[in-house]
Amino acid sequence: MKNITIIGTGYVGLTTGACFADMGNNVVCLDIDEAKIASLRQGTIPIHEPGLQEVVIRNADAGRLSFTTSYAEGMRDAEYVFIAVGTPSDGDGGADLSQVRDAARSIATHLTHPVIVVNKSTVPIGTGDLVTSIITEHKSSDVPFAVVSNPEFLREGSALLDCMRPDRVVLGSADRDAAETVARLYLSLQAPIIVTDVRTAEMIKYASNSFLATRISFINEIAAVCEQLGADITEVARGMGYDKRIGPAFLDAGLGFGGSCFPKDVRALMRMAEDAGQHPQLLEAVMDINQDRRRWAIDRLEEKIGDLRGKRIALLGIAFKPNTDDIRDAAALDLIALLEERGATAVAYDPAAMENVAAVRPDLLLAGDAYQVAEGADALVLVTEWNEFKALDLARIKASMRTPVLVDGRNLYDPTQIRSLGFEYVGVARAPEATPPAAPAWDRRVSSGKA
Ligand code: NAD
């Protein structure tokens, strides 16, 4: 049992803290957001993450997990201090490291005994050195400390599972003993552990996210070609995915990627490359193709219902993917902006993200459910493939719409079935006629991976 403090209690920090507590450690989760900590102390988690609330409550009740806004309290008994604060885009493509700098300064000023500082935030190459120098500069005593990079790979929506069953654990440090000490925290997870230097560990994170984003833009580029030539992208992806060298994950054509990680991490890697005198031409294309996917939806709407001025467009889903309330860099927000530019009115519904969207867009029309959002709409766009949207009564939805146009931005629906209800259906590069026959039982091994 170790004493672990996690700084930053967002998607990564809270999940990591809950998992370490569940593994039997004493964990203090620290955040400067007083409302967040107050709500966590009441047993209410401020994010939508399946299963997390139960694990948080179980471990808080067992006395292994506590919450504070005080660095003095958080640092008092800590042996390991994890940094899991945000690293958003700085507006110029780079990563804004102000939260990391603040956390490092606060660690330094409260350092009274040796600790290992473990950086879980996604940070540009070289940030480990920056954290080391900030702590060295601001600590008041001679207390030794080590810095280890430990990038996080969990996915929102399946964060607990990813945390408890990671594909790998990456640790980078100039202090091999410190890295191996941190490795012991993870031994019971039985995942491969890679111990390397800090810069390599930091790059593994950016390279991984950028590779996954590249797969999505790749399949979207193929989808655009399929659409012109009459091939079905879902079948193309299935056929590709059986190839063991390719695999089925991240081959879903659609409206492109979003979220708090892929767009900002690809941009930050491009920025690092440029600063290093390199031209990140592939990554530029990845981002351009992704933006084209948002315009694809607008083009399809204009094809079906003409000039969008004065039209009412309903969006099913706002979160950047299912099972999360995260709307950072979500496709829906881009679509809403494009619709508004064209004089259309957007109305939206999401099962989990309504509060978050109301906070950033209080003027946006929001509906109470998937049926209400479609009422009187000139077209419906499926933006986020939530499970609950699969089983909607689409005949009822059609009856309430002004014109029954459905743009399926994630290929969630069966085109034949939707058309048989009387919809004008547009999927992403689906075969123009009927869909191919369903795969026989022996051919159903491929499952798709989502960002
Ligand atoms: P988040 O915005 O949800 O949470 C960050 C938290 O840090 C906030 O609660 C904020 O109040 C707190 N904070 C900010 N400054 C602080 C300070 N000085 N002291 C204490 N707390 C402070 O962020 P997130 O989504 O959990 O991401 C955290 C990091 O992990 C980022 O670098 C991100 O790129 C990376 N990451 C995120 C995911 C993901 O799916 N969200 C996955 C892997 C890696």
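Residues numbered from 1 in each chain as written. Predicted model: local features only at pLDDT ≥ 70, side-chain atom pairs only at ≥ 80, totals over all residues. Heavy atoms only, no water.

Colleague: Would you take a moment to explain the overall build of the protein for this structure?
Modeller: Of the regular secondary structure elements, the protein holds 17 helices and 14 strands. At 23 Å, the protein has a C-alpha radius of gyration in line with the 22 Å of a compact globule built from 451 residues. Along the longest, intermediate and shortest principal axes, the C-alpha atoms of the protein span 75 × 45 × 45 Å. In the protein, which comprises 451 residues, the share counted as buried stands at 53%. Residue pairs in contact within the protein that sit at least 24 positions apart in sequence constitute 73% of those at least 6 positions apart. Just so you have it, the protein exposes about 19,600 Å², and 51% of that area is on carbon and sulfur atoms. (Helix = DSSP H or I, 4+ residues; strand = E, 2+ residues; numbered from the N terminus. Rg over C-alpha atoms; globule rule 2.2 N^0.38 Å. Buried < 20%, exposed > 50% of the residue type's maximum accessible area, 1.4 Å probe, protein only. Contact = heavy atoms within 4.5 Å. Areas by Shrake-Rupley, 256 points an atom, 1.4 Å probe, with all protein chains shown as cover.)

Colleague: In this structure, what is going on with helix H2 (residues 34-41)? I would like to understand it.
Modeller: Think of an α-helix as 3.6 residues a turn; residues three or four steps apart then line up on the same face. Capping of H2 at its N-terminal end is provided by Asp 33; its side-chain oxygen lies 3.1 Å from the backbone amide nitrogen of Ala 35. A positive backbone phi angle near 90° is found at Gly 43, which sits one or two residues after H2. (Polar contact = N/O pair within 3.5 Å; in protein donor to acceptor, adjacent residues only side chain to side chain.)

Colleague: How should I be thinking about the packing of aromatic side chains in this particular structure?
Modeller: Working definition: an aromatic ring pair is given by the centre-to-centre distance plus the angle between the planes. All chains considered together, the criterion is met by five aromatic pairs. Summarising the aromatic geometry, the rings of Phe 20 and Phe 82 are spaced 5.2 Å apart at their centres and angled 50° between planes, so their arrangement reads as tilted. Placement of the pair is Phe 20 in helix H1 (residues 11-22) and Phe 82 in strand S4 (residues 80-83), with a sequence separation of 62 residues. Since its relative accessible area comes to 3%, Phe 20 is described here as buried. Between Phe 257 and Phe 262 the ring centres are 6.0 Å apart and the planes differ by 75°, which places this aromatic pair in the edge-to-face class. The exposure classification of Phe 257 matches that of Phe 262, with both residues buried. Following the ring pairs from residue to residue traces out a cluster consisting of Phe 20, Phe 82 and Tyr 186. Over the face of the ring belonging to Phe 153 we find Arg 168, whose NZ or CZ atom lies 3.6 Å from the ring centre. One Lys or Arg, Arg 396, reaches over the ring of Tyr 371 and ends 3.8 Å from the middle of that ring. (Phe/Tyr/Trp six-rings, centres within 6.5 Å; stacked < 30°, edge-to-face > 60°. Lys NZ or Arg CZ within 6 Å of the ring centre and 35° of its normal.)

Colleague: What is the right way to read the site of the ligand from this model?
Modeller: The local shell around the ligand holds 29 residues, among which Asp 31, Lys 36, Tyr 71, Thr 87 and Lys 264 are the closest. Glu 156 places a polar side-chain atom, nitrogen or oxygen, 2.7 Å from a nitrogen atom of the ligand. Ser 260 places a polar side-chain atom, nitrogen or oxygen, 3.5 Å from a nitrogen atom of the ligand. Here the ligand, which alone exposes 830 Å², has 91% of that area covered by the protein. Breaking the shell around the ligand down by element, the ones donating at least two residues are H1 and helix H5 (98-109). (Near = heavy atom within 4 Å.)

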